[in-house]
Every structure is written in structure tokens, then in C-alpha cells.
Amino acid sequence: MELRAALLVVGLLLVAVVFYVSQRKYRLPRPSGLTLRRRSRGEVLSEPLLTPFAALESDAENAPAAEPQFSADAEVVVDTAEQEEAEPDDEQGEVRAEAQRPRRIPRDQPDFESHSNRTIEERQIDFVARLPGQKVVRRDTALGVYRQNEYLLDKPHRIFGLSQTSGMWRDLEREPESGRYTDLALSVQLVDREGPISESELTKFSLLVLRLSEALKRRFKFSMSFEEAQEQGKDLQEFCRDFDVIAVVNVVAQSPEGFTGKDIDECAREFDMQLGKMNIYHKRVRVAGKLRYVFSMANLYKPGSFDPSRVDSFTTKGVTMFMNMPCTIKPARAFGEMVTAARGICERINGKLVDQKQHALTDKGIQLILEDVDRLAREMEAKGIVPGSDAAIRLF
């Protein structure tokens, strides 16, 4: 037992020394323009009678598969890759509501594709270790070591390889067995819904890097120091608190009978919405080969969903339409499209737009929300994350 304890102490000391030396030796200057100041949450939303669902999780076909873009010297990674009650603002019932963090245009098809994911320098959201090398590594060799040790990590993490054939960075878990790579890179996300990365989590990540380094006999370089990574994680958490908002428009029935399931379904299809995840309707567009949510429509009343087996017998007094602002490409344009669909539903099945207090949501009220959505989107982009980008979807 004494020998085992002694070996354990020696091992821990060795790991500590390696981490200290690697941080001192490979510390890189922090990119400029990454400090966020905390600000009050934007007054944006008209709250629905039913708090919308947790932020929509991307399913397999929508999951971001972005790969990191490394700077010229490849040492710093740049990633490309849904309330408090609102009170009327005046006697007309215009509403500006403070958005509480959710947990997640004309009928012609908007030109979302032209947006795609811009190549601007986006905010770094990962702590990265790069393992450069001259010798080619097989996919299964690197992936085998990674999978044996990734249990150490709680935060989202990925492994990439610089393809020998294409010269591009590839996600090894999505690559064929025949893949061959020169440089390798490991990344761990600096913040998620559980909070910013901690020193303990960074240490666990470094253990994974160390084991891969030893197995492949390669040196490694970190994209920043532990202190900078923790500071960046905290900044990103404040960023998420500022911009994790949803925009909501409610449609309620003006007749006592309410809306029928058949009427709702027909209106949804007319405005390019389909019944999908969580049994609610979604408007989606394909961007760079991936489907992205534009806005969704749910039952305003519990349980919030629509039962596809009861379309002919189902009725409700209202529906709520909402969009996840930071995860939506061109948020102001998408909000305009959502309002157009909501107004179209009102015309077709005798509904009216209201806020959560059943006050009429007027054109002026809609304009105020639109202005706030546009302002927040521009502020978000100015702080280094483009709404609807892979980085935004990963964070929100």
C-alpha cells in the first residue's frame, strides 16, 4: 500500500510539472477585442401564455458539423464551423418585455443561403490543443486513444485531423477509416448550459492531451493559458445571458369554438411549417447542406404540443409562434416572416395577435419588437458571434 501511494504521489507531481511547463512554454498572446462587459438584458419579447419549450436541440440532420479554422501559424483557433411578465408600454398595449433565459417576411423564400456562415473573425469558444507532426497518423490510431480517455470530459469536446489528401481540418469522428492526417487538434468548449469551464475541467482536458501526446510521441501546444481560458469562459457565459432570448407572437381565437387541429395544420402548411420535433410545427431552411430552424409554432396551452392522431378532433384557443434569436440566421428578417405567417393565420381562421395579458399586439408593438431583435442581432455580431452561425448554435 505504501509503494502504491508513493507511486500515485510521484505520478501526480509529474503531471503537474508537465502542465506548468507546457503553459509557460506555449502561452500565446490573448486575441484582442474579446472582453465583454456585462449589460442589462435587452427588452425584447412578448411572453406567451405558455412558456415555450426548452431551446430546440438539433437532431442528427441539423447538428452543427463545423470544423475549426486555424490561423496561419495554426496556434490559435477561430471557430466557424428559448420571463418575467411584461406590462403594457402605453394605453395602446405596445409591449416591451424583459426576456428571461429560456432553456432554447413575405411568403417568398428568403435568401438565407447568401448568408451562410461568414468568414469574419469569430469569437473563440474553444480551448484547443494542437499536436503537430511530420508522420502521418491513421484515423483509428488517434481516435482509439481519444475514445479511451474522453470519459474525463464533461464539456463538449472534439478531435480534428489535418487531412493528408485534402489539406483541410476534418472531424475524425465523421471521417472514414481510411483517413490519414498530419497534424491533430483537440478542443473543449469553454462554456455550456452548466456554466463556464473550470480549472478542474481544463486539467482533465490536459490529461487527455497528454495521453494522446505520449501515445503518438508528439509535443502539444495550447491555444491559451488556463487563466485565459477560464476568463474567456466567464465572458462567454455573460455573453449567453445577454443574448439568449426568444421572440414571440401569440395568435388567439376570436370565436368561442377556438381553432381546430385541421385548420391549424392547413395554415401551418400554407406558411411552410411542418409538424416535427416535440410535435410542434417548424419552419426550416437548408443552409450549407444543413436544416436550420427559422421559427416554430406550438399550442398556447398545455401540453403545448399537437397530437397528430387527433387532428380532426383537436381544438385550442390559441397558438404561440416563437424564434430563438441567437440561433436564427438573419433574425430581423426571420421575425418579419414569422409575423407575416401569424397575420396570415389570423386572417384565415379568425384569430388576433395578442401579448401574454391578452392585450392586442398592434403594428407599433410589433415594430418595437422587430427593432429590438435587429438591435440585439447587430450587437451580438459586433461581439464576435454571428446569429445563426455554427458557433451560435453550439453556445445556445
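Values in this document were obtained by computation on a predicted structure and should not be read as measured data.

*Asks:* Help me understand unusual backbone geometry in this model?
*Replies:* Put simply, Lys-302 and Pro-303 share a cis peptide bond, and its omega is 10°. By the element assignment, Pro-303 lies in the loop between β15 (290-299) and β16 (315-316). In this model, Lys-217 sits at a positive phi of 55°, which is unusual for a non-glycine residue. The topology assignment puts Lys-217 in the loop between α3 (199-216) and β10 (221-222). Exposure remark for Lys-217: the relative accessible area of 75% places this residue in the exposed category. Of note, the phi angle at Ala-288 is positive, near 50°, even though the residue is not glycine.

*Asks:* Where do I start with the packing of helix α2 (residues 139-149) against α3 in this structure?
*Replies:* In a packed pair of helices, the relevant descriptors are the angle between the two axes and the axis-to-axis distance. Running from N to C, α2 and α3 cross one another at 145°; their axes reach a closest spacing of 10 Å. With respect to the hand of their crossing, α2 and α3 are arranged in right-handed fashion. For the pair α2 and α3, the contacting residues are Thr-141, Ala-142, Val-145, Tyr-146 and Asn-149 in the first and Leu-208, Arg-211, Leu-212, Ala-215 and Leu-216 in the second. Across the contact of α2 with α3, the residue classes tally to seven nonpolar, two polar and one charged.

*Asks:* How should I be thinking about the pattern of salt bridges in this particular structure?
*Replies:* Side chains bearing opposite charge may pair, as long as their charged atoms lie close to each other. Considering all chains together, one arrives at 18 salt bridges under this definition. Lys-283 is paired through a salt bridge with Glu-337; the nearest N and O atoms lie 3.5 Å apart. With Lys-283 in strand β14 (residues 281-287) and Glu-337 in helix α6 (residues 331-349), the pair connects residues that are 54 residues apart, well separated along the chain. Across the pair, Glu-337 and Lys-283 agree in class, each one buried. A salt bridge links Arg-378 to Asp-374, with the shortest nitrogen-to-oxygen separation between them at 3.1 Å. In this pair, Arg-378 and Asp-374 are both assigned in helix α7 (residues 363-382), four residues apart and thus about one turn of the helix distant. Since its relative accessible area comes to 31%, Asp-374 is described here as partly exposed.

*Asks:* Hey, could you run me through the confidence of the model for the chain in this one?
*Replies:* As a note on interpretation, predicted positions should not be read in detail where pLDDT is low. Residues at a pLDDT of 70 or more form 69% of the chain, whose mean pLDDT is 77. Ignoring residues within four places in sequence, the model shows residues 17-121, a span with pLDDT below 50, making 302 contacts including any to other chains.

*Asks:* Can you help me understand helix α5 (residues 261-270) in this one?
*Replies:* Each α-helix winds once per 3.6 residues, and so residues spaced three or four apart point in a common direction. All buried positions along α5 are accounted for by Gly-261, Ile-264, Asp-265, Cys-267 and Ala-268. Projected onto a plane normal to the axis of α5, the buried residues spread over an arc of 165° and lie on a single side. Here the buried face of α5 lies against β12 (259-260), β14, β15, β16, β17 (318-324) and α6.

*Asks:* Is there a simple way to explain the pairing of strand β11 (residues 246-253) in this structure?
*Replies:* Two faces, one strand: in a regular strand the side chains alternate between the faces of the sheet. Along β11, eight of the eight residues are buried, which leaves the element largely enclosed by surrounding structure. Pairing of β11 with β17, which is carried by seven bridges, proceeds in the antiparallel orientation. In the strand pairing of β17, Val-249 is matched with Met-321. Both β11 and strand β18 (residues 351-354) contribute to a ladder of four bridges, which runs antiparallel. Counted as the bridge partner of Val-251 is Leu-353 from β18.

*Asks:* Which parts of the structure should I look at to understand the state of the cysteines?
*Replies:* In a disulfide, the sulfur atoms of two cysteines are covalently bonded to one another. Counting across every chain of the model gives zero disulfides. Cys-267 forms no disulfide, and the closest cysteine sulfur to it belongs to Cys-346, at a distance of 9.5 Å. The thiol sulfur of Cys-327 is not disulfide-bonded, and the nearest other cysteine sulfur, from Cys-240, lies at 9.6 Å. Judged by relative accessible area, Cys-327 falls into the buried class, the value being 11%.

The rules behind each value
- Chains are numbered independently. Their residues run from 1 in the order of the written sequence.
- Per-residue local features of the predicted model are confined to residues with pLDDT of at least 70, and side-chain atom pairs are confined, for both listing and counting, to 80 or more; whole-chain, interface and lining totals are unaffected and use all residues.
- Hydrogen atoms and water are omitted, and side-chain values are computed over all heavy atoms in the structure.
- Here a strand is any run of E in DSSP of at least two residues, a helix any run of H or I of at least four, and the numbering for each starts at the N terminus.
- Buried, partly exposed and exposed residues are distinguished by accessible area as a fraction of the type maximum, computed with a 1.4 Å probe on protein chains only: under 20%, between the cut-offs, and over 50%, respectively.
- Axis definition: a line fitted to C-alpha atoms, over the contacting stretch in the case of helices. Angles run 0 to 180 degrees between N-to-C directions.
- Helix crossings are classified by the rotation of the near helix relative to the far one: an anticlockwise turn of less than a right angle makes the crossing left-handed, while a clockwise turn makes it right-handed.
- Residue contacts follow a heavy-atom distance rule, with two residues in contact if any of their heavy atoms lie within 4.5 Å.
- Think of it as three bins: nonpolar holds Ala, Val, Leu, Ile, Met, Phe, Trp, Tyr, Cys and Pro, charged holds Asp, Glu, Lys and Arg, and polar takes everything else, Gly as well.
- Whenever Lys or Arg places a side-chain nitrogen within 4 Å of a carboxyl oxygen from Asp or Glu, that contact is recorded as a salt bridge.
- What pLDDT reports is the predictor's confidence in each residue, on a scale of 0 through 100.
- Read the arc as the range of directions from the helix axis to the C-beta atoms.
- Note: two strands are recorded as paired if DSSP finds a minimum of 2 bridges between them.
- Two cysteine sulfur atoms make up a disulfide if the distance between them is within 2.5 Å.

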